[in-house]
Structures are given as C-alpha cells and as structure tokens.
Amino acid sequence: MSILHDFEYYNPRNIEEVLQLRAEYRDKTRILAGGTDLVVQMKDNIIAPDVVIDIKGIEAFHEITFDENILFIGACITFSELIESEIIQRYFPLIKEMSLTVASMGIRNRATMIGNICSAVPSADSAPILLVYDADVIVRSASKDRIVPITEWFAGPKKTTLKSDEIVTGIALHFPERKHAGCYERLGRYSGEDLAQAGICILAFDDDQYHVACCAVGPIPKRLYHIEEFLNGKVIDQNVIQEAKQIMLNNIFPISDVRASKEYREHMMGIMLERGLMKAVSRLHGGENA
Ligand SMILES: Cc1cc2nc3c(=O)[nH]c(=O)nc-3n(C[C@@H](O)[C@@H](O)[C@H](O)COP(=O)(O)OP(=O)(O)OC[C@H]3O[C@@H](n4cnc5c(N)ncnc54)[C@H](O)[C@@H]3O)c2cc1C
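Remember, predicted model here, so these are calculated numbers, not experimental data.

So, on to the nonpolar core. The biggest cluster of nonpolar side chains holds 55 residues, and the ones touching the most others in it are Ile-95, Ile-150, Ile-171 and Leu-173. Among the elements that line this core, the one with the most residues is helix α8 (residues 126-132), at five residues. Those residues in contact with Ile-95, other than ones at most four positions away along the chain, are Leu-71, Ile-73, Leu-82, Ile-88, Met-113, Ile-129 and Leu-173. By size, the runner-up hydrophobic cluster in this structure holds 29 residues, among which are Cys-214, Leu-224, Ala-280 and Leu-284.

Below, the structure is given as structure tokens:
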C-alpha cells in the first residue's frame, strides 16, 4: 500500500539543519534512517508526520570509531555494516552475533541499530547487548547535548525518553578493561524475517561478575539486576543455574501474543539463561570468541 497523506521531505547535509527542523516542527517531524519501521508505519497510517527528515546524507552519522576504549556507532550504521566492521569483529563480537539474528539480509542492509532503539519495541534485539555494556545514547537538540544511559532510555513499549526537538547522533560503548566474554541467546519461530519471541544477553567477567539483560519478555528490554546480584562472585554450576532460573521467573513479565504464549516464553527463558551462562563462561575460558 502507498503512503496516502502528504508530507514535507527534507534531506539535510548537516546536523545543524536537522536540529533546526526538529526545533521548529517538533512533534510534527519524524527522523528517517533506514525506514524499515517508519515507512511501514506511514504506509499503515499508524503515524502521519507532516515533516520527514532523512538523515542518511549526514556523513558523521556513518562512522564507527574506536578510540581510547570507547566504541562509537553513528546513527546511520546498519546491522550489515556492524557485521562487516573489523572493529566490531575484534572488540565487540557480541554485536556481530546479535546483528546476524536480526531479520534477513535485505532488512539488515537498511535497518540501523539506532533506529532499532528509537522504535523501542519490547523485542528490539539491539537492546540487551547495549544494556550489558552499559551503553550511552548520545542525544542532541539545538539548545542542549545530553547523554542518556541506556538503562534510562526505554520508557514503555515503543516509548523512549527522547524529546520531540532531539535526535540521537549515535551510541557509545566502553570496552571493559577486565577480561570478558558474552553470548546472545534468541528465541524465534524461524530464521529470517521474524521478531524475537524472547532474548537474553550475558556478559561474563573473569572475576565472576555477570551482566544479564533481556528483551521480549516484558514491556521494555531491561537488565536483570536480581539475577546479577545472585550470580556475582559465584562459579557457574548446576545448582547456581537452577536457583538463577527461579529468580528469573519473578523478574520477567512476558505476555501471550501471536508469537508465543507467556508460559512458553517463561520456560524457554530458563533454558536460554542456562545455555547463555554456559556459553559465555566457556568463551571466557578460551572457548570460541564472543
Ligand atoms: C520484515 C522485518 C523484520 C524485522 N526483524 C527484526 C528483528 O529480527 N529484530 C529486530 O530487533 N527488529 C526487527 N525489525 C525492525 C527493525 O528493522 C527496525 O527496528 C530497525 O532497526 C529500525 O531502524 P531503521 O534505520 O530502519 O529506522 P527507521 O524506520 O528509519 O526509524 C525507526 C524509528 O526511529 C526513529 N529514529 C531513527 N533514527 C533516529 C535518530 N537518529 N534520532 C531520533 N529518532 C530516530 C524514527 O523517527 C522512527 O520513529 C524488522 C523489521 C521488518 C520490516
């Protein structure tokens, strides 16, 4: 179906122009990155912005850099570019592992990681990875720059703390100084164009500390701090895993929908937590890299 309503299309070449348009038209605008969510919503008449600001022409948004142990991913970097990036492969292989689970190659060639967290659907695959790394979302408006910790980014299903005059310029991740390894476990009905039924990401450190985050099992993707508190300082064995699974059941709130029932999601999250912990710890101790 075509887009049925009229809108102004802007294709600015610098950030200042984007910020001016956002400041002037605010709620009436939508940023266009890859368009894999926005265009679908416009075609389905779910949203009807008066002004569409295409940011793909802004050079600075196409950068992936790694300086002083900080990874910067620009607003227009696609999942395919993340998969291909030597920086990502070398320092953040978990991002590559996650990106390969997103949709199909056709979608990954257009869809951006920043668009994924701006859409903020509960099943956003980028979210658990950014959460375990304590990523910072870099936000700008014409009057102010601010950094939003990813733990404070998601405000509800499809809602973020971004204001109507702001844009996200990129996301920053600190490379942990301690030895670490991670794993992303994702449940889907089939490989290809399907959203996650459940997802869990684990980052294990060599001093027996753990970061754990999930998606698609509650209104927002989130860190599972109660599980982390229980796991921290412990060597992973079957007793620890079984207790961690019980703690998880009190901390996730899946719903039943077209993709899976609440009960199936709960059951599978236990299995994925077990698999994820075993895999992350094995990788930490010299197994395959991630
Ligand atoms: C067939 C199909 C399969 C999919 N499968 C998956 C999947 O497996 N896993 C998954 O997580 N997602 C999946 N998705 C959704 C995924 O493609 C999107 O979430 C994508 O990552 C959004 O990025 P985009 O660049 O296309 O954003 P757009 O569609 O351009 O924008 C999305 C939203 O973010 C806003 N936005 C974008 N960039 C900025 C910015 N810099 N500043 C402020 N606001 C911004 C836009 O205004 C819009 O509201 C799928 C989508 C389709 C169509």
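Now that the structure has been shown, we can carry on.
Looking now at the site of the ligand. Taken together, 34 residues lie near the ligand, and Ile-31, Thr-36, Asp-37, Thr-112 and Asp-125 sit nearest. Contact between the ligand and Gly-34: an oxygen atom at 2.7 Å from a main-chain N or O atom of the residue. In the environment of the ligand, an oxygen atom lies 3.0 Å from a nitrogen or oxygen atom belonging to the side chain of Asn-116. Calculation on the ligand without its partners gives an accessible area of 990 Å², and the protein chains cover 91% of this total. Of all the secondary-structure elements, those providing two or more residues to the shell around the ligand are β2 (29-32), α7 (113-119) and β10 (167-174). Within the shell around the ligand, the residues separate by chemical class into 18 nonpolar, nine polar and seven charged.

Procedures and definitions
- Residue numbers restart at each chain and count upward from 1, following the sequence in its written direction.
- Reporting in this predicted model follows two pLDDT cut-offs: at least 70 for local features of residues, and 80 or more for side-chain atom pairs to be given and counted; totals over whole chains, interfaces and linings ignore these cut-offs and use all residues.
- Computation of side-chain values covers all heavy atoms of the structure but excludes hydrogens and water.
- Joining through side-chain atoms within 4.5 Å is the link that ties buried Ala, Val, Leu, Ile, Met, Phe, Trp, Tyr and Cys residues into a set, and such a set is a nonpolar core.
- Relative accessibility thresholds used throughout: buried, under 20% of the residue-type maximum; exposed, over 50%; partly exposed, between the two (1.4 Å probe, protein chains only).
- Under the DSSP-based scheme used, a helix requires at least four consecutive residues in state H or I and a strand at least two consecutive residues in state E, with every element numbered from the N terminus.
- Contacts were defined at the residue level, with two residues in contact if any of their heavy atoms lie within 4.5 Å.
- Definition of nearness: a residue and a molecule or strand are near each other if at least one heavy atom of the residue lies within 4 Å of the molecule or strand.
- N or O atoms within 3.5 Å of each other form a polar contact, as long as, within protein, one can give a hydrogen and the other can take it, and as long as residues adjacent in sequence are counted only when both atoms are side-chain atoms.
- Under the convention used here, a 1.4 Å probe and the Shrake-Rupley method define accessible areas, while residue burial counts only the protein chains that appear.
- Classes in brief: Ala, Val, Leu, Ile, Met, Phe, Trp, Tyr, Cys and Pro nonpolar; Asp, Glu, Lys and Arg charged; the others, Gly included, polar.

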